[in-house]
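Structural description and commentary
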Amino acid sequence: MVDIGKEIRAELHQQGRTVTWLAQQLDMRRATLYAVFRKNSIDTYLLKRIGQLLNKDFFILLSADMKNDDCASASK
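Residues numbered from 1 in each chain as written. Predicted model: local features only at pLDDT ≥ 70, side-chain atom pairs only at ≥ 80, totals over all residues. Heavy atoms only, no water.

The next point concerns unusual backbone geometry. Phi is positive for D27, close to 55°, though the residue is something other than glycine. Its location among the elements puts D27 in the loop between α2 (19-26) and α3 (30-38). Among the residues examined, D27 registers a relative accessible area of 73% and is labelled exposed. Phi at N55 is positive, roughly 55°, even though this residue is not glycine. In this structure, N55 sits in the loop between α4 (44-54) and α5 (58-74). (Helix = DSSP H or I, 4+ residues; strand = E, 2+ residues; numbered from the N terminus. Buried < 20%, exposed > 50% of the residue type's maximum accessible area, 1.4 Å probe, protein only.)

Moving on, we come to the packing of helix α1 (residues 4-14) against α3. At a closest axis distance of 6 Å, the pairing of α1 and α3 adopts a crossing angle of 120°. Looking at the two axes, α1 sits oblique to α3. For the pair formed by α1 and α3, the contact residues are G5, K6, I8, R9 and L12 on the first element and Y34, V36 and F37 on the second. Looking at the contact of α1 with α3 residue by residue, the classes come out as five nonpolar, one polar and two charged. (Axes fitted to C-alpha atoms, helices over the stretch in contact; angles between N-to-C directions. Parallel < 35°, antiparallel > 145°, perpendicular 65-115°, else oblique. Contact = heavy atoms within 4.5 Å. Nonpolar A, V, L, I, M, F, W, Y, C, P; charged D, E, K, R; others polar.)

As far as function goes, none of this settles anything; it's purely spatial.
Structure follows, in structure tokens:
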């Protein structure tokens, strides 16, 4: 399963952006954003907003993970 919080944090780091920047863009406290990073699932609207801000489609990661799960189930 994709750890979406970890993926978001990695993308943020890769782009050289700060947690403070993203928290400000999302109008949330940094502590709340750190809580998002610790989650392996988040609200789809929040994921969409984060993806728009980082110009990254995180839903593709989730979709690919689902397809991998389907393939693994089918081979059993």
